[in-house]
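Structure at a glance
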Amino acid sequence: MSRLHALVSLLASLALGVGCSSLPHFGGSAPHAWDLAPPPVQDRPVVDATRLHRRTLANGLVVIILEDRRLPRLDMGVMVRRGAAIVPASEAGLADFTAELMGRGAGQRDALELASAVDALGASLAVSAGWDTMSAGVGGLSRDRELLFEVLADVVLRPRFDGDEVDRVRAEQLAALEKAREDPKTLAAWNFAAALNPGHPYQWPTSGRPETVEKLGAPQARAFHQRVFVPANAIFYAVGDLDPGALMTQVERAYAGWPSGPVPAPGPEPPDRTGRNIVVVDRPDLGQAQIVVGHPGITRLEPRRIPIQVMNTVLGSAGFSSRLMSKIRAEEGLTYGVFSRFAGRRLRGPFVVGTFTRVPEVGRVIELTLAELERIRSEPPSEQELAAVKSLLVGRFALGLETSSAVLSGLVELDAQGLPADSLDTYRGRIRALQLEQTAAAARDFVRPDDALIVVVGPAETLVPQLEPFGPVRVVQP
Amino acid sequence: MNQLGQALGRMGRLALWAVAVIVVGIGSSAAAGAEPAFEDPAARTRTTVLPNGLTVLTLEDPSTPVVSFQIWVDVGSGDEARWTGLAHLFEHMMFRGSKHLPPEAHQTILEQRGARLNAFTSRDVTVYFADVTRENLPLVIELEAERLRFLDVSEDSLASEREVVIEERRFRTESNPEGKLFEQLLALVFQAHPYRVPTIGWKSDLEKMGVAECRAFFDDYYAANNLVIAIAGDFDTDETLALIEEHLGPLRSRPDVPRNPTEEPEQQGERRAIVHFDVRAPTLAMAWHAPPGGHPDAEALDVMSSILSNGRTSRLYRRLVHEEPIALGASASYWELERAGLVYGFVSLRPGVRIEHAEKVFLEELEALRAAPPSAAELEKAQRALEVALIGGLGTSHALASRLGREWLAFGRIRPLQERLDAIQRVTALDVQRVAQTYLRPDKRTVLHLVPRPEEGS
């Protein structure tokens, strides 16, 4: 731990001590532990440098390996730095479709042979797609490393896209899309994204929509795989009980012949919006309404992301102690949970507040939510709130270092998003260095209640009169 | 207990979706070795019993930056008498203030030091946990002592917390088809046993429950001899035990903790019910009575569940998802509770499939397992998966402390890892067939169809 860290940590601790002792008291003479300043926090290193190995191969493939031999297990994977955000609206669902098919037959093995090879080891194989990345991962016993490595290389380099599996996956994706529409929370998220991002890939869920998924086939999946799974766009990662030198050599050999190609452009920026709009998704059967309030937010690379994160923690992501939770749950008993979040995507993602309440109280919850969004701007985090949140984030970060796989996934995500490799090492220092005016400015510049899009899922007949005072209301069918 | 059962059977103070995390895990799940070349860490557990009957299980591991402190209270919704949902509502009230602290201060003070803390209630237990860095452990202990000794249940805080819990009930059950189905299934398969009651309680009880009921519940169950403290991770055992003795030593004990005497009478014939819900496609649920946890058949039932449900090569996935386009997912799992057990099945139908057809195909697969033992390859695959899962649960301080608390309350000891692995390894193909024949009998099943509401007037 550096001396600077020790000093900053001590100052933050003292400030928190003041915060805690200002809590109301109801008697008692001996000081309680919660009245005392917290003991100084020991900043453990993020990772033992001797266990971390990084290298970039000649074809551009980045390799990140973290050795941890406490348990005889191993996780490996390949992540590429593009995902559903580069899929055109006419092919919505293609990234999910491609990912699913990659796990359904590769190399010499068809779908069932591949599943049998993995299941026989008690191992796991997962291929997934997000907005910004796609990844294939295997996990199992370290003594099965050879077969796990072979399966992973097959899935990444030699997926088969067999015709019968293509038909199966398409049918499953369509059925899941239909089934998902019965879930009020999913309906709220989908309708929010659709109204916020017209004409952009973000308009539809990564699983697509029936009209586009129906038309997906092997040629599209094969082409998408060839486009994004290129070595200069990829990271090979491994964590667990492994020999770093031997694994590095094995990776070089297996992935040397990977055909190279250009890294696809990141895709278009989503649109901005101004003004207040309200969408009601009519579900007459519901006694509880799902609510999403939000507007365009920031990109993962936003230079002011740290003050924004700290400000948002005060607002709605500090667990039970956030302003939104204190007001809407603890004081008013109107909900079981409420959170706010800036989505961290490569292109500008949304800022959202999510919650739910009984139908007659929806107007009241919207009123309180908008009031808190206004208040974080007019009454930005105080000295005491800032100290408390710094301590919360630094402490939470320390807990996040418990497992090597969590540390590795953090390192891989940084590389995938193009963020500095030492971001985890500098995180605590950046949090502690924050000044009040930075979080105040973050609130003013990035929280925009007047531009909020409000989506509510529930019975339109009862909801519309409650919502009309907040802006123009449009009713849609689920 | 598998994940679905866990998700539905436990009522937490806050769903995890609302809790932000710094780093997210990478797709593939953790896995570990079937033949451990390493020591079971739980073998180093030290057991201390204070004069007031409080049991403390400590397991030091300085290689991790986290210490998990958990209080396991031997009370769940299965102990409720007149008021359903009391154990869970009371769990919420434990955060609503005490003699020296206002409502939510317990949570806020610890959250502001980065702690991960929460609580949950199941049919058997109520658990409070805080995962912290070691310098914050003394604070955790003092805060726990504060509420266990000086809890203050007031009319005001109960009034608002009651609304929170009713909102939780709407979220988990009334607006959620799977939650509703699970609630109805348990209420149908158990006719007498208190497990029939949903842990979150029936809404009418929640609306009427008062301060007096909460206080009586606290007196009955939150006594030193009805608690187990489990601590795992980075801490000093002697210092911690001294602190616990200082702050929790004065906790009162209660010699006669009340228990429900009711047992489930033998089921005489199949039971069926229909539940209407606003869904796009039906869901099928089934259940059979099975023995409680720790029974000699438990491992064979786990192996059977794995053969039927685990992975793409499992029988139910192959038949209902892969070969015939009937379902989005299908499973049958053994769920062991302290006083009874169940095998329960779920089939999430694809839109357009008739539920009678799905039921027929699902039952054909179960009958096949009753008619003939599984192949050697299937058996070995299932054993391997169970072993990997068992050892995979050793990776965090939180998981280790949970294992200590759960095992102590259920069995009065921590079952060694090797004992569990050996028991799984001893299961034969004939054992699997035998438990399928014994428990999955047609005249002992309970069947539930969750289907869209019929059109008006039809």
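A word on the overall build of chain A
For chain A, the count of helices and strands is 17 helices and 14 strands. A compact globule built from 478 residues would reach a C-alpha radius of gyration of about 23 Å, and chain A, at 25 Å, matches this within 12%. Dimensions of chain A, computed from the C-alpha atoms along their principal axes, are close to 70 × 60 × 35 Å. Relative to its 478 residues, chain A shows a buried fraction of 53%. Intrachain contacts of chain A at a sequence separation of at least 6 include 82% that bridge at least 24 residues.

A look at the nonpolar core
Counting residues in hydrophobic clusters, the biggest one holds 281 residues, and the most contacted among them are L152(A), I235(A), Y237(A), V456(A), I229(B), M304(B) and V343(B). When residues of this core are assigned to their parent elements, the largest contribution, 9 residues, is made by helix α13 (residues 383–400) of chain A. Once residues within four sequence positions are removed from consideration, I235(A) is found in contact with V62(A), I64(A), V78(A), M79(A), V412(A), D415(A) and A416(A).

Remarks on the domain arrangement of chain B
Residue and element names in this part refer to chain B. The domains assigned to chain B are domain 1 (3–13 + 42–248) and domain 2 (271–452). For domain 1 and domain 2, the distance between their C-alpha centroids amounts to 28 Å. Residue-level contacts link 37 residues of domain 1 with 33 residues of domain 2. Top element by residues in the side of domain 1 that touches domain 2 is helix α6 (residues 177–189). It accounts for 7 residues. Counted by class, the side of domain 1 that touches domain 2 contains 21 nonpolar, 10 polar and 6 charged residues.

Section: the packing of helix α12 (residues 362–378) of chain A against helix α17 (residues 460–467) of chain A
The geometry of a pair of packed helices is captured by two quantities: the angle between their axes and the separation between those axes. Residues and elements named next belong to chain A. Orientation of α12 relative to α17, taken along the N-to-C sense of each, is 40°, at an axis distance of 8 Å. When the axes of α12 and α17 are compared, the crossing they make is right-handed. Here V362, G363 and I366 of α12 come into contact with α17, specifically with L463, Q466 and L467.

Comments concerning helix α6 (residues 184–196) of chain A
Residues and elements named next belong to chain A. If you check α6, its first and last C-alpha atoms are 18 Å apart, about what 13 residues at 1.5 Å a residue would give, namely 18 Å. Every buried residue of α6 is listed here: P184, L187, A188, A189, W190, N191, F192, A193 and L196. In this structure, the buried side of α6 is in contact with β9 (277–282), β10 (288–296), β12 (350–358), β13 (453–458) and β14 (473–476).

Some points on the interface of chain A and chain B
Across the boundary between the two partners, chain A contributes 85 residues, which contact 77 residues of chain B. Sort the elements by how many residues they give to the side of chain A that touches chain B and α13(A) lands first, with 10 residues. In terms of residue class, the side of chain A that touches chain B is made up of 40 nonpolar, 28 polar and 17 charged.

Observations regarding the sheet that holds β12(A)
Residues and elements named next belong to chain A. On the basis of which strands lie adjacent, the open sheet formed by 6 strands has the order β11-β12-β10-β13-β9-β14 and mixed pairing. Edge positions in the sheet fall to β11 (338–342) and β14, since each of these pairs with one other strand and no more. Shown here is a sheet whose adjacent strand axes are inclined to one another by a mean of 15°, direction ignored. In terms of strand pairing, β9 meets β13 through 6 bridges, oriented parallel.

Some words on unusual backbone geometry
Apart from glycine, the bulk of residues carry a negative phi angle, and the bulk of peptide bonds sit in the trans form. Positive phi values are uncommon outside glycine, yet F161(A) reaches one of about 55°. Structurally, the position occupied by F161(A) is in the loop between α4 (145–157) and α5 (163–180). Taking the number of C-beta atoms within 10 Å as the measure of exposure, F161(A) has 20 and is therefore buried. With phi around 70°, E104(B) is a residue other than glycine that occupies positive phi space. Looking at where E104(B) falls in the secondary structure, it is placed in the loop between α2 (86–93) and α3 (105–111).

Cut-offs applied
Residues numbered from 1 in each chain as written. Chains lettered and ligands numbered in written order. Predicted model: local features only at pLDDT ≥ 70, side-chain atom pairs only at ≥ 80, totals over all residues. Helix = DSSP H or I, 4+ residues; strand = E, 2+ residues; numbered from the N terminus. Rg over C-alpha atoms; globule rule 2.2 N^0.38 Å. Buried ≥ 20, exposed ≤ 12 C-beta atoms within 10 Å, placed from the backbone. Contact = placed C-beta atoms within 7 Å. Core = buried A, V, L, I, M, F, W, Y, C linked by C-beta atoms within 7 Å. Domains from an automatic or database assignment. Nonpolar A, V, L, I, M, F, W, Y, C, P; charged D, E, K, R; others polar. Axes fitted to C-alpha atoms, helices over the stretch in contact; angles between N-to-C directions. Left-handed = near helix turned anticlockwise from the far one by under 90°. Expected span 1.5 Å × (residues − 1). Pairing = 2+ DSSP bridges.

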